[in-house]
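Here is what each chain is made of, one letter per residue.
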Amino acid sequence: MSKNKLSEKEMKEWIEQQWGYEKLPMGGSVPFGGSSIYFKTGDWSPFKAVVDRETCTKCTRCFFLCPDSAITMDDDGIPIMDFDYCKGCGICAEECPADAIAMKDLS
Amino acid sequence: MTKASSTPGKRVGMTGDEAVANSMAVINPDVVAAYPITPQTIIVEHFSDFVNDGEVDTEYITVESEHSAMSACVGASATGARVFTASASQGIALMYEILFIASASRLPIVMAVANRALSGPINIHGELTDQTVCRDTGWISMFSESAQEAYDAGFIAFKIGEHPDVSLPVMYGLDGFILTHALEGVYPLDRKFVKKYLPEREMVHPTIPGNPVSSGLLALQNYYMEIKYQQEIAMDAARKVIPKAFEEFGDLTGRYYKNVEEHQMEDAEVAFVTMGALAGTAKYVVDKLRKAGEKVGMLKVKTFRPFPEEDLAKALKGIETIGVIDRDLTFGAPGPALYTDIKTSLYDHKERPQVLGFVAGLGGRDVAQDEFNYIYKQVLKNKGAEKSVPVEWVGLRK
């Protein structure tokens, strides 16, 4: 892990304190890595990718294609969607060769 | 071909484009990403020779468009590298989107602009509009009068842009064909000079392995204004840094530049004000008019952004009327770029000259002695006019 990573507390300060132009780093940069984890972009879409565990062939295609790295594989080799970060783009459902993923309104 | 390691002090013949390429060979930038376009082509062509012959250590990225060229420059500069590119006209128009990103990301990329008229109608010749339209991109913007000035501009541009208080990209223009393709005598510099004048770039937060930085981020209602204001502060800082960069350059080379260069301004009653290669012709005409007993001077605006309001007001003290000659155009505005900026800058000064505007030399049309003499006649004719005088197009057929 990189040395210039902020703790969750520091990150919250960063977001909540709304610094002015004097304190903000130059050019709108954030001088540490991994900040995207604190931005839960999963609420962007009403549609979520839902896996049918029976149909899934464990091919891992969805894992590699997810643009938000919101898919991990569980111990059985079946994908788990992280709804904190799944923006509902539907790429996994479109690309699943076994049609095991459906986009559903879970609201 | 001129070697990158030319002997300083010895005058060498080169075109404006070759001068720019040669200056970059001496600077030895880390990365150059560029796409050829007339009349800039010789710059990148000639520089690629230096790369091929191993005279520079530069990583030369060939790209498929100017949009990609500037994008590659942004990426390279974000790692802390010293980055150069060059373009013109349609090329600048194509990279326009990325110009704003370069300045907002505070990346001191340096770009030579072989100033050329924009299409349409399609034209390849000299005009400054391709650079004047970039006035709101957040780049520092300068113009050159000669091949020597274009040669020197590269060194000065990196010096200013990379200053930690500034950290902004810099573009410098040289008139298409008039400077880019005309052969002139140029005094080259060497790497010893670069070592003294241009220390290695130091970046605050470079994006390098092991040091992750998020840049080019989304900043909406809650942050956008603060980040834009930071750019304004940087431009203001450039006002202080630029004269020092000129002075230091002058102390080492004997060639002193100024935001606003004055020529025959002592006891002058009227003056020409212009930018780029037109300044050379203006000086020549002024000298001739002076010999004929006319009290005329001329000002060359070298630095266009940040606009040198104070220098201009100072230089114009006591002048009755000026004729501003723009080789650029804006439609439906109070006047062309330099004219409107000068008028705006002078508004708050109690003692200010009458400002007359002229548009000349668009699309590379010649602006020679006759045209300047005509402008001078018009300036005298309208001197002291009570009604406002509309901007006049010089050399236009009805």
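This one's a predicted model, so the numbers in the text were calculated from it and none came from an experiment. (Residues numbered from 1 in each chain as written. Chains lettered and ligands numbered in written order. Predicted model: local features only at pLDDT ≥ 70, side-chain atom pairs only at ≥ 80, totals over all residues.)

**Some thoughts on the overall build of chain B**
1) Next: Counting its regular elements, chain B contains 12 helices and 15 strands.
2) Next: A globule of 398 residues ought to have a C-alpha radius of gyration of about 21 Å, and chain B, at 21 Å, matches this closely.
3) Next: In terms of overall dimensions, chain B has C-alpha extents of about 65 × 55 × 45 Å along its principal axes.
4) Next: Per-residue burial for chain B yields a buried fraction of 51% across its 398 residues.
5) Next: Within chain B, contacts between residues at least 6 apart in sequence are counted, and of these 79% link residues at least 24 apart. (Helix = DSSP H or I, 4+ residues; strand = E, 2+ residues; numbered from the N terminus. Rg over C-alpha atoms; globule rule 2.2 N^0.38 Å. Buried ≥ 20, exposed ≤ 12 C-beta atoms within 10 Å, placed from the backbone. Contact = placed C-beta atoms within 7 Å.)

**Comments concerning the overall build of chain A**
1) Next: Along the backbone of chain A there are three helices and four strands.
2) Next: Reading the helices (α) and strands (β) of chain A from amino to carboxyl end gives α-β-α-β-β-α-β.
3) Next: In terms of overall size, chain A is more extended than a compact globule, its C-alpha atoms giving a radius of gyration of 18 Å where 107 residues would be expected to give roughly 13 Å.
4) Next: Expressed as lengths along the three principal axes of its C-alpha atoms, the size of chain A is roughly 55 × 30 × 20 Å.

**Digging into the domain arrangement of chain B**
All names here are of chain B.
1) Next: The domain architecture assigned to chain B consists of domain 1 (12-253) and domain 2 (260-393).
2) Next: Taking only C-alpha atoms, the centre of domain 1 and the centre of domain 2 are 28 Å apart.
3) Next: In this assembly, 28 residues from domain 1 lie in contact with 19 residues from domain 2.
4) Next: Contributing elements (two or more residues each) for the side of domain 1 that touches domain 2: α5 (129-132), β6 (140-143), β7 (170-175) and α8 (224-253).
5) Next: Across the side of domain 1 that touches domain 2, the residue classes tally to 12 nonpolar, 11 polar and five charged. (Domains from an automatic or database assignment. Nonpolar A, V, L, I, M, F, W, Y, C, P; charged D, E, K, R; others polar.)

**Focus: the sheet that holds strand β3 (residues 59-62) of chain B**
Residue and element names in this part refer to chain B.
1) Next: The seven strands lie next to each other as β3-β2-β4-β5-β7-β6-β12, forming an open sheet whose pairing is mixed. The outermost strands of the open sheet, each flanked by one partner alone, are β3 and β12 (303-305). Each neighbouring strand pair of the sheet contributes to a mean axis angle of 20°, computed without reference to strand direction.
2) Next: In this structure, strand β2 (residues 31-34) lies alongside strand β4 (residues 83-87), joined through two bridges in parallel fashion. Looking across to β4, one finds that Val32 is bridged to Phe84.
3) Next: With respect to the sheet, helix α6 (residues 147-161) is in contact with β5 (110-115), β6 and β7, its orientation differing from that of β7 by roughly 170°. (Pairing = 2+ DSSP bridges. Axes fitted to C-alpha atoms, helices over the stretch in contact; angles between N-to-C directions.)

**Things to note about helix α4 (residues 89-104) of chain B**
Residue and element names in this part refer to chain B.
1) Next: Between its first and last C-alpha atoms α4 spans 22 Å; for 16 residues at 1.5 Å apiece the expected length is 22 Å, and the two agree.
2) Next: Roughly 60° is the biggest bend found in α4, and it falls at Tyr96.
3) Next: Of the residues making up α4, those classed as buried are Ser89, Gly91, Ile92, Met95, Ile98, Leu99, Ala102, Ser103 and Ala104.
4) Next: Residues of α4 that are buried make contact with α3 (66-77), β4, β5, α5 and α8.
5) Next: After α4 finishes, the residue Arg106 shows a positive phi value of roughly 60°. (Expected span 1.5 Å × (residues − 1). Bend = angle between axes of the 7 residues up to and from the residue.)

**Points about the packing of helix α1 (residues 16-27) of chain B against α6(B)**
All names here are of chain B.
1) Next: Two elements in contact, α1 and α6, have axes whose closest approach is 8 Å; the angle formed by their N-to-C orientations is 35°. Here the hand of the crossing between α1 and α6 comes out right-handed. Across the interface between the two elements, Gly16, Ala19, Val20, Asn22, Ser23, Met24 and Ile27 from α1 touch Ala147, Ala150, Tyr151, Gly154, Phe155 and Phe158 from α6.
2) Next: Its residues assigned to classes, the contact of α1 with α6 shows nine nonpolar, four polar and no charged. (Left-handed = near helix turned anticlockwise from the far one by under 90°.)

**A word on the interface of chain B and chain A**
1) Next: Taken together, the 20 residues of chain B in the interface contact 16 residues of chain A.
2) Next: At four residues, α8(B) tops the list of elements feeding residues into the side of chain B that touches chain A.
3) Next: Partitioned by chemical class, the residues of the side of chain B that touches chain A number nine nonpolar, nine polar and two charged.

**Here's the deal with the environment of Thr303(B)**
Residues and elements named next belong to chain B.
1) Next: You can see Thr303 is positioned in strand β12.
2) Next: For Thr303, a count of 24 C-beta atoms within 10 Å corresponds to the buried category.
3) Next: Distance in space between the C-alpha atoms of Thr303 and Asn259 is 4.9 Å, their sequence separation being 44 residues.
4) Next: If near-sequence neighbours (up to four positions away) are discounted, Thr303 is found in contact with Met142, Ile242, Asn259 and Pro308.

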